[in-house]
Structures are given as C-alpha cells and as structure tokens.
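Coordinate analysis (summary)
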Amino acid sequence: MTRSDGVWLYGITFDGVGDAQLEGVTGVAGEPVRAVASEGLVAVVGSVSLSEFGEDSLQRNLEDLDWLAATARAHDRVVGAVLRCGPTVPLRLATLYLDDDRVRGLLADRREELTAALERVTGRSEWGVKAYGDAAALAQAATEERVAQGGAGKGTAYLLRRRAELAARQNVERQAAEHAAKIHAALVEKAVDGRRQRVTDPALTGKRAWMIFNGTYLVDDERAQDFGALVTQLDAEHPGITLERTGPWPPYSFAAIEQVNP
C-alpha cells in the first residue's frame, strides 16, 4: 500500500477469520480484502485509492447515485462474506483509515465496546418490515367499523354510512399511524430489539405505494420462522395494510459503533 492509498473498513469480527477465509472476496474498488488482527478481534479491510475514495473525491462521488449504488452493493457483499464466517459488526459505508496500524489501534482502543457489540448480535440477524397503506381500503375498513358500532336501523343506515365515509377519509393518515404503532409493538415483542426507521423515499425504493412504516428488528435466528409467521398474521389482521418482510441482513441497525476520526 502506498501513500496514495487508504484503508476501507468493511466489518469487524472475532479472531479466527483470516485471509484464507476471505480468498476471492473483492471490495468497493475491486481490491482483494484482507484481515487485520489485534486484541482478539479482526477487521476486514481493503486498500483503495485516495484519488477516488479520499475525502474530497468521496464527497463528489457520493452525489453520483449510480456510483453510490454500486459502491454500496460491493460493500454489502464483503460484509455478507464476513458474516458467513461468524458474528460481525458491519461498518457503515465510507469508513476509511490511513493505514493498517490505525485500524489495529481502533481494535485495541475499543476492544471492550466491539466485543460487547459482537456478543449482542451472535446468533441473531436483522430483519426489515415495511408497511404500505391503501388509503381507499383504510377508509373503507374504518367506515365499516363505524357503521357496525353505530347499531342504527335501516332508516338511518344510509346517513350514518355517509358520515362515516367522510370521517374516514379525513382521518386516514391518523388511522395509518395507529396501524403502524400496533404493528411495531407486536413485532418488538417477538424480537430482541426493534427500531422504527425513516420512511424510505419512493425514488429509492422504486415503489409508488404509500409507505406508512419502516422498521428493523434484531431477531434470534432460532425464532426467525416465528417472526415471519407473525408478519403474515399482522398483514391479515390490518385491512388496507400490506406488510413486506426482508432479510436476514447484517445487523447495521443494532451493532453499529460510534464513528471516530481515523
């Protein structure tokens, strides 16, 4: 590695993962990745050119959505390869150090924090659950519920329905928020931990559907099937809501460490 190179970090795992296990794995610059060990921990890294991945160049490249997407996919492929070797703390995109010695310093200085993070995700995976709402269907379901609760005779049923339809249309966003809160609470009960994330921009998802909820959950691997069954059950219990489960993913939401200056 020359002065024109930097060290891109992909993930951290327990000692025992070496270059032999990483053979054939390439990173964001097409570079072979390698293991840097210290204090019973291993950081999986790659050498990248600062002309493309240095601070100034990186800022420009991150504004190129095609470049960003390709780089993110390459980064995730390496994290996935490390994860197949054992519990992994995935580093966020564009975590760059000057040299291997600085990486060893990170492992030594933050050994306790990193070890705790690895123990937290051992035997567990991250799952994503998104909820999409159908405004018309939500309004219809709310209308039916209001009419049923009204208990009116035939003479006033039409007027009651019209009032219920108007109220449902006006309150559809509130209804969606209530559904989202109930879904999240139920999923957290089945998970080790759960977090609500920002709703994803349709331009990034490629879906025009109305996303009302975006959650990530840390789930014991032995309970992943039960978690999936619960998602299916909740989908059926909430008219006008469609749930989408994705994963398993590296535990970005639950094992990320606070970034430090290299």
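Residues numbered from 1 in each chain as written. Predicted model: local features only at pLDDT ≥ 70, side-chain atom pairs only at ≥ 80, totals over all residues. Heavy atoms only, no water.

**Considering the side chain of threonine 216**
- With respect to the element layout, threonine 216 can be found in strand 8 (residues 210-220).
- According to the relative accessible area criterion, threonine 216 is buried, its value standing at 10%.
- For threonine 216, the side chain forms a polar contact with the side chain of glutamine 197, separated by 2.8 Å.
- Setting aside residues up to four positions removed in sequence, threonine 216 forms contacts with Glu126, Trp127, Gly128, Asp193, Gly194, Arg195, Gln197, Ser253 and Phe254. (Helix = DSSP H or I, 4+ residues; strand = E, 2+ residues; numbered from the N terminus. Buried < 20%, exposed > 50% of the residue type's maximum accessible area, 1.4 Å probe, protein only. Polar contact = N/O pair within 3.5 Å; in protein donor to acceptor, adjacent residues only side chain to side chain. Contact = heavy atoms within 4.5 Å.)

**Remarks on unusual backbone geometry**
- Residue proline 248 follows glycine 247 across a cis peptide bond; omega there is 0°.
- Mapped onto the fold, proline 248 is located in strand 9 (residues 241-249).
- Its identity as a non-glycine residue notwithstanding, glutamate 39 has a phi of 55°, on the positive side.
- The topology assignment puts glutamate 39 in the loop between strand 2 (34-38) and strand 3 (41-49).
- One non-glycine residue with positive phi stands out, namely alanine 94, at about 70°.
- Note on placement: alanine 94 falls in the loop between strand 4 (88-90) and strand 5 (96-97).

**Describing the sheet that holds strand 6 (residues 124-133)**
- The four strands lie next to each other as 7-8-6-9, forming an open sheet whose pairing is antiparallel. The open sheet is flanked by strand 7 (193-196) and strand 9, the only strands paired with a single partner. When strand polarity is set aside, the average angle formed by the axes of neighbouring strands in this sheet is 20°.
- Summarising the sheet, strand 7 and strand 8 pair through four bridges and their orientation is antiparallel. Bridging across to strand 8, aspartate 193 finds its partner in leucine 218. (Pairing = 2+ DSSP bridges. Axes fitted to C-alpha atoms, helices over the stretch in contact; angles between N-to-C directions.)

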